[in-house]
Amino acid sequence: MQADNMKFTVSSSDLSTRLQTINKVQNAKNTLVILDCILFELSNNTLRLTGSDSEITVNSTIDVTDVDGEGVIAINAKKIINAVKEIPDQPITVDVDTRSFAIKITYQNGEYSFTGSDGTDFPLPIPLDTYENTVTLNSQHIYNGIARCLFATDDDEIRPQMNGIFFDMSNSVVTFVATDGHKMVRNRLNNVHPESPSSFILPKKPAMVLKNVMQKYDEEATISFDRTNAKFEVENYTVVCRLAEGNYPRYDSVIPQDNPFHVRVDRMALISTLRRIMVFASQSCAVVKMRVETGTLTISAQDLDYSTSAEERLMCEYDGMPMSIGFNGPFLMEVLNCISSEDVIFELADPSRPGVAMPADMGEEESLIMLLMPMLIK
């Protein structure tokens, strides 16, 4: 039988960090009022915090002290987060009457008193004894794969599989892929050993939640999945979500294999140039023109409706024939912002074929290529 009270002491900053991470899973409006809450479960010296939107569930454990009793209670997420984040880092004591759901939070200079809800009403995912597939990856690799792909996901109601990130696992390679038809990202990890070839599509929202979680760690994380669900585990966090349905397109078939022209340029210098040039681009299509000649990359844009134009030249490594190609400026900026190397390499063929961007220095452990469709230039 559940005790009449549960009481524990926890660091205010640790609790605030966990609550804000878990809260990212919640919707602004929920069909169930209980989903506006975060579930607190106290057992022994461990507090488990859980948030859900019915499709995604995130939980985190945190060690607590001065424990008295155990139990569960659901606390309105907005209220508890706003209250705790304003308390400077210090031990706080949470005292809950599990029958009346009265809550008292005591800290150095004061206390809060309010009421929670019955935690037994909180919907939790049905636990699966076994998943069909399991793979272990470093959490930073998962974070990088998601962070680099998110901007290229689509918002297509007809083809929901395009709205997520494709995890493609072979015998020695794990590949993260995203595309919206205008741009595509392929981030590949080498020398990884999944149990068997498999794949799944991670929807955009759980991908954003996972990005926030994995960013905090640099250690091994476990991914377990079947046809409909996936579970991600790292240290004190677990994320369970439903997977997107449908078949992902054959992404490798659209990547050009024989682009003959290679341009190497300083990435940050190109970003700065684009920021200045894009001010003068047409607002309707935002096209910028790249013209490459021996040792020189010229970036230009114009808006004929307002008689504005801009042009700027950069030094680059290039010794091929002169050529010009147009790209959507904001898309090109997104590509460059997702590359972390000092220099970026563009592989080009002609103005009608996709351009490929990649880091100049990546290492053997992983590879990254970004495909960008060209735009018509006059």
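How each quantity is defined
Residues numbered from 1 in each chain as written. Predicted model: local features only at pLDDT ≥ 70, side-chain atom pairs only at ≥ 80, totals over all residues. Heavy atoms only, no water. Helix = DSSP H or I, 4+ residues; strand = E, 2+ residues; numbered from the N terminus. Buried < 20%, exposed > 50% of the residue type's maximum accessible area, 1.4 Å probe, protein only. Contact = heavy atoms within 4.5 Å. Pairing = 2+ DSSP bridges. Axes fitted to C-alpha atoms, helices over the stretch in contact; angles between N-to-C directions. Phe/Tyr/Trp six-rings, centres within 6.5 Å; stacked < 30°, edge-to-face > 60°. Lys NZ or Arg CZ within 6 Å of the ring centre and 35° of its normal.

Colleague: Can you explain the overall build of the chain? Please cite residues and give values.
Modeller: Within the chain, the secondary structure is distributed over six helices and 26 strands. C-alpha extents for the chain along the principal axes are approximately 80 × 50 × 35 Å. A total of 378 residues make up the chain; the buried ones form 52% of that total. Put simply, 67% of the contacts in the chain that link residues at least 6 apart link residues at least 24 apart.

Colleague: Can you lay out the sheet that holds strand β12 (residues 164–169) for me, pointing to particular residues and giving the numbers?
Modeller: Taken in spatial order, the eight strands of this open sheet run β15-β12-β13-β14-β26-β25-β24-β19, and their pairing is antiparallel. For this open sheet the edge positions go to β15 (198–203) and β19 (261–266), each flanked by a neighbour on one side alone. The sheet shows a mean angle of 20 degrees between the axes of neighbouring strands, taken without regard to direction. Summarising the sheet, β19 and strand β24 (residues 343–348) pair through six bridges and their orientation is antiparallel. From the neighbouring strand, V265 faces β24, where its bridge partner is V344. Sitting on the sheet, helix α4 (residues 204–214) touches β12 and β15, and the angle it makes with β15 is about 90 degrees.

Colleague: Go over the pairing of strand β21 (residues 296–303), please, and point to the residues and values.
Modeller: Most of β21 is tucked away: six of the eight residues are buried. Alignment of strand β20 (residues 287–293) against β21, held across five bridges, turns out to be antiparallel. Among the inter-strand pairings, V292 is bridged to a residue of β21, identified as L297. Hairpin connection, β20 to β21: the antiparallel pair is bridged by two residues, and G295 has positive phi, about 75 degrees. Here β21 runs beside strand β22 (residues 308–315); their pairing, made up of eight bridges, is antiparallel. Bridge assignment links A301 to a residue of β22, and that residue is A310.

Colleague: Outline the packing of aromatic side chains, listing residues and values.
Modeller: In total, this model carries ten aromatic pairs according to the counting rule given. Note on F167 and F232: the rings are 6.3 Å apart at their centroids and 65 degrees apart in plane angle, and the pair reads as edge-to-face. One end of the pair, F167, is in strand β12; the other, F232, is in strand β17 (residues 229–234), with 65 residues separating them in the sequence. Like F167, the residue F232 is buried in the burial classification. With a centroid separation of 6.3 Å and an interplanar angle of 70 degrees, the aromatic rings of F200 and F232 are classed as edge-to-face. Residue F200 is found in strand β15, and its partner F232 is found in strand β17; the two are separated by 32 residues along the sequence. For F232, a relative accessible area of 1% translates into the label buried. An aromatic cluster of at least three residues, connected via ring pairs, comprises F167, F176, F200, F225 and F232. Note that K183 overlies the ring of F331, its terminal NZ or CZ placed 3.7 Å from the centroid.

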